[in-house]
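So the chains spell out like this:
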Amino acid sequence: FFFAHHSQAQDSGHSIRAPVQSSSPSLLKFSTPTLETSLSKEIMSKFAFKALKELRIHFCQSSTGSAGLRNFVRANFAEMKKVNPSLPILVRECSGIEPKITARFEKGVEKTVSVLDMDEGAIDSKLKDFC
């Protein structure tokens, strides 16, 4: 069996995983990363999708109808993944398709919403409403 004692190591304000000397010669201890505390509470609550099992985002890489969703993904994807690290967020680009967001919940229940010609703010509101 492998047992490890966790300790925190900091480097320039970021959590890192670093080996730590153990009193037992056969055990190697590692520190574990923690969620960055610099995320604001507003962002944390804005993208915390607790009941959601999967989020799928489909858009065209060149159409004007998909521009708002492309910009939304570019601006918010990293924050959504920081707040929901275990949530699968699938982004699919396909030429000529209607931009839409599909959310999968427990027991396979899915909701899909079209975001054709919506700006980033409208997409954010739609996502909050249905997630």
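Residues numbered from 1 in each chain as written. Predicted model: local features only at pLDDT ≥ 70, side-chain atom pairs only at ≥ 80, totals over all residues. Heavy atoms only, no water.

Novice: Explain the side chain of His58 to me, please; I cannot follow it from the model alone.
Specialist: With respect to the secondary-structure elements, His58 resides in strand E5 (residues 54-59). Once residues within four sequence positions are removed from consideration, His58 is found in contact with Leu69, Arg92, Ile97, Glu98, Pro99 and Lys100. (Helix = DSSP H or I, 4+ residues; strand = E, 2+ residues; numbered from the N terminus. Contact = heavy atoms within 4.5 Å.)

Novice: In this structure, what is going on with the pattern of salt bridges? I would like to understand it.
Specialist: Close approach of charged atoms allows side chains of opposite charge to pair. Throughout the structure, instances matching the rule amount to five salt bridges. For Glu106, the salt bridge identified is with Lys53, shortest N-O distance 3.9 Å. Pair noted here: Glu106 is in the loop between strand E7 (100-104) and strand E8 (110-114) and Lys53 is in the loop between helix H1 (41-46) and E5, with a separation of 53 residues, a long-range link. In this structure Lys53 comes out as partly exposed when scored by relative accessible area, which is 36%. A salt bridge links Asp124 to Lys128; the nearest nitrogen and oxygen atoms lie 3.4 Å apart. You can see Asp124 and its partner Lys128 sitting in helix H3 (residues 120-130), four residues apart, about one turn around the helix. On the basis of relative accessible area, Asp124 is assigned to the buried category, the value being 12%. Each of Glu54, Arg56, Arg104 and Glu110 takes part in salt bridges that share partners, so that together they form one network. (Salt bridge = Lys/Arg side-chain N within 4 Å of Asp/Glu carboxyl O. Buried < 20%, exposed > 50% of the residue type's maximum accessible area, 1.4 Å probe, protein only.)

Novice: Looking at this model, I keep getting lost on the nonpolar core. Mind explaining?
Specialist: The biggest cluster of nonpolar side chains holds 19 residues, and the ones touching the most others in it are Leu55, Ile57, Leu69, Ile101, Val115, Ile123 and Leu127. Looking at this core, the elements with two or more residues in it are E5, helix H2 (67-83), E7 and H3. When residues of this core are assigned to their parent elements, the largest contribution, four residues, is made by H2. (Core = buried A, V, L, I, M, F, W, Y, C linked by side-chain atoms within 4.5 Å.)

Novice: Even after reading the chapter, I still don't get the packing of H2 against H3, so can you show me in this structure?
Specialist: A pair of packed helices is captured by two measures, namely the crossing angle of their axes and the spacing between those axes. Closest axis-to-axis distance for the H2/H3 pair is 9 Å, and the angle between their directions is 55°. Comparing their axes, H3 and H2 come out oblique. Judged by the twist between their axes, the crossing of H2 over H3 is right-handed. Taking contact as the criterion, the partners of Gly68, Leu69, Asn71, Phe72, Ala75 and Met80 in H2 are, on H3, Glu120, Ile123, Asp124 and Leu127. Of the residues that constitute the contact of H2 with H3, the class distribution is six nonpolar, two polar and two charged. (Axes fitted to C-alpha atoms, helices over the stretch in contact; angles between N-to-C directions. Parallel < 35°, antiparallel > 145°, perpendicular 65-115°, else oblique. Left-handed = near helix turned anticlockwise from the far one by under 90°. Nonpolar A, V, L, I, M, F, W, Y, C, P; charged D, E, K, R; others polar.)

Novice: Teacher, can you tell me more about the sheet that holds strand E6 (residues 89-93) here?
Specialist: Strands belonging to one sheet form pairs held by backbone hydrogen bonds; the direction of such a pair is parallel or antiparallel. Read across the sheet, four strands follow the order E6-E5-E7-E8 without closing on themselves; strand pairing throughout is mixed. Strands with a single pairing partner mark the edges of an open sheet, and in this sheet they are E6 and E8. Within this sheet the neighbouring strands show an average axis-to-axis angle of 15°, counted without direction. Sheet analysis places E5 next to E7, joined by five bridges and oriented antiparallel. (Pairing = 2+ DSSP bridges.)

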